[in-house]
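Remarks on the overall topology
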Amino acid sequence: MIDIIVPVFNEGANILKLFAKVGQAIKSSKRVTVIYDYDEDNTVPVAREHMGEYGYEIRLQRNLIARGALNAIKTGFQVSTEDKVLVIMADLSDSLEIADKMAELLDNGYDLVCGSRYMSGGKQHGGPLLKGLFSRCAGVSLHILTRIPTRDVTNSFKMYSRRVLERFTVESTGGFELGIELTVKAYVHGMRVTEIPSQWYDRAEGESNFKMWKWLPKYLRWYFYCIGKTWFGRNKKA
Ligand SMILES: Nc1nc2c(ncn2[C@@H]2O[C@H](COP(=O)(O)OP(=O)(O)O)[C@@H](O)[C@H]2O)c(=O)[nH]1
Ligand SMILES: [Mg+2]
């Protein structure tokens, strides 16, 4: 079974489309946990009313830590119990049809599988130009500089094995940089990381909550951590 974690911030216009898409695109058995920050979030009533209609288990979970997407994802990890944990966005941005293949790769011994927009077959559709450019440059250059086996380390759409979640304590403090943190830590500790092509679409409904200038330094911390560990400290434990 795949534990699917969805952080939400006022996704009332998207959440039912997401539930339907999960049902259609992912054949593996699955459970979806929607993590919201506060009871007034407009996702909550819509999800609660319809969550019994999709033929797989859907749970609503309040963020247990503090507001924000990162704490929502951390909460999702805390309440997950399965060996495979997939993080997806509620705004229909991710190629959910590759989730079964991600699960198969974990079954075959990989520890972490990254959805990758920047490898052959992957693509990014829309979104702010500068954000896309930074993310692509960071992903491709880190791959070249450190041989990390993904060109898209900043993508949040990843499937984690429980081995990864149990081994590392998340140190990230904001935004979505938890995905890059866990990926680089898994890699520098010799765990098996891989990528498969994935398409990413900018949202049609609702508003992006991405704070590029605030979060950029947080991403860069893990970018340079990876370079430091692979160039100068491969044998030292983080
Ligand atoms: N719980 C929670 N989820 C959030 C927050 N901000 C964004 N999200 C969710 O994280 C996902 C991606 O957010 P989005 O704003 O679209 O980021 P972008 O795709 O990078 O522009 C969506 O599912 C949002 O609902 C937040 O402050 N709290
Ligand atoms: Mg989005």
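Everything below is about the structure shown above.
So, a few notes on the structure that sits alongside this text. All of these numbers come straight from a predicted model, not from anything done at the bench. (Residues numbered from 1 in each chain as written. Chains lettered and ligands numbered in written order. Predicted model: local features only at pLDDT ≥ 70, side-chain atom pairs only at ≥ 80, totals over all residues. Heavy atoms only, no water.)

**Let's talk about the sheet that holds strand β3 (residues 57-62)**
As a general point, the strands of a sheet are linked pairwise by backbone hydrogen bonds and lie either parallel or antiparallel. Spatially, β3-β2-β1-β4-β7-β5-β8 is the arrangement adopted by the 7 strands of the open sheet, whose pairing is mixed. Unpaired on one side and paired on the other, β3 and β8 (193-197) mark the two borders of the sheet. Strand after strand, the sheet turns through a mean of 20° between neighbouring axes, direction not considered. In terms of strand pairing, strand β1 (residues 2-8) meets strand β2 (residues 30-36) through 7 bridges, oriented parallel. In the sheet register, isoleucine 5 faces β2, and the bridge partner there is threonine 33. Helix α3 (residues 69-79) rests against β1, β2, β3, β4 (84-87) and β7 (158-161) of the sheet, and its axis sits at about 155° to β1. (Pairing = 2+ DSSP bridges. Helix = DSSP H or I, 4+ residues; strand = E, 2+ residues; numbered from the N terminus. Axes fitted to C-alpha atoms, helices over the stretch in contact; angles between N-to-C directions. Contact = heavy atoms within 4.5 Å.)

**Some words on the environment of glutamate 97**
In this fold, glutamate 97 is placed in the loop between β4 and α4 (99-107). Residue glutamate 97 is classed as exposed on the basis of its relative accessible area of 51%. Along the primary structure glutamate 97 and valine 22 are separated by 75 residues, whereas in three dimensions their C-alpha atoms are 8.4 Å apart. (Buried < 20%, exposed > 50% of the residue type's maximum accessible area, 1.4 Å probe, protein only.)

**Some thoughts on the pattern of salt bridges**
Enumeration according to the criterion identifies 11 salt bridges in this entry. Between arginine 62 and aspartate 39 there is a salt bridge, with its nearest N and O atoms 3.8 Å apart. Taken together, the residues arginine 62 in strand β3 and aspartate 39 in the loop between β2 and α2 (43-50) connect sequence positions 23 residues apart. What makes aspartate 39 partly exposed here is its relative accessible area of 48%. Taken together, the shared-partner salt bridges connect Glu171, Glu181, Lys185 and Arg221 into one network. (Salt bridge = Lys/Arg side-chain N within 4 Å of Asp/Glu carboxyl O.)

**Looking at empty space enclosed by the protein**
To find leftover empty space, one rolls a probe the size of a water molecule over the atoms. Inspection of the entire model under this criterion finds 1 cavity of 30 Å³ or more. Of the voids in this model, the largest cavity is the one considered here, and its volume is about 40 Å³. Ile73, Val87, Ser156, Tyr160, Phe176, Leu178 and Gly179 together form the lining of the largest cavity. Looking at side-chain class alone, the lining of the largest cavity contains 5 nonpolar, 2 polar and no charged residues. (1 Å grid on protein atoms, 1.4 Å probe; cavity = no way out; pocket = protein on both sides within 12 Å on 5 of 7 lines; lining within 4 Å. Points joined across faces, edges and corners; volume = space filled by probe spheres on them. Nonpolar A, V, L, I, M, F, W, Y, C, P; charged D, E, K, R; others polar.)

**Considerations on the site of ligand 1**
Pro7, Glu11, Arg203, Ser208 and Asn209 are the nearest of the 19 residues found near ligand 1. With respect to ligand 1, the side chain of aspartate 37 contributes an N or O atom lying 2.7 Å from a nitrogen atom. At 2.6 Å, a side-chain N or O of arginine 203 approaches an oxygen atom of ligand 1. Against a free-state accessible area of 570 Å², the protein chains account for coverage of 95% of ligand 1. Here ligand 1 occupies the largest pocket. At the level of elements, β1 and α3 are the ones that each hand at least two residues to the shell around ligand 1. (Near = heavy atom within 4 Å. Polar contact = N/O pair within 3.5 Å; in protein donor to acceptor, adjacent residues only side chain to side chain. Areas by Shrake-Rupley, 256 points an atom, 1.4 Å probe, with all protein chains shown as cover. Sits in = over half its atoms within 2 Å of the grid points.)

**Thoughts on the pairing of β8**
Side-chain direction in a regular strand flips from residue to residue, so the side chains alternate between the two faces of the sheet. Burial of β8 is extensive: 4 of the 5 residues sit out of reach of the surface. Summarising the sheet, strand β5 (residues 112-116) and β8 pair through 5 bridges and their orientation is parallel. Residue pairing in the sheet places serine 116 in a bridge with proline 197 of β8.

**Considerations on the layout of surface pockets**
Taken as a whole, the largest pocket encloses approximately 980 Å³ of empty space. In terms of lining residues, the largest pocket is bounded by 45 residues, among which Lys131, Phe176, Phe210, Trp215 and Tyr219 are the most central. Mapped by element, the contributors of at least two residues to the lining of the largest pocket are β1, α3, α5 (129-146) and α8 (212-232). Looking at the lining of the largest pocket, the element that brings in the most residues is α8, giving 7 residues. Considered class by class, the residues forming the lining of the largest pocket number 20 nonpolar, 13 polar and 12 charged.

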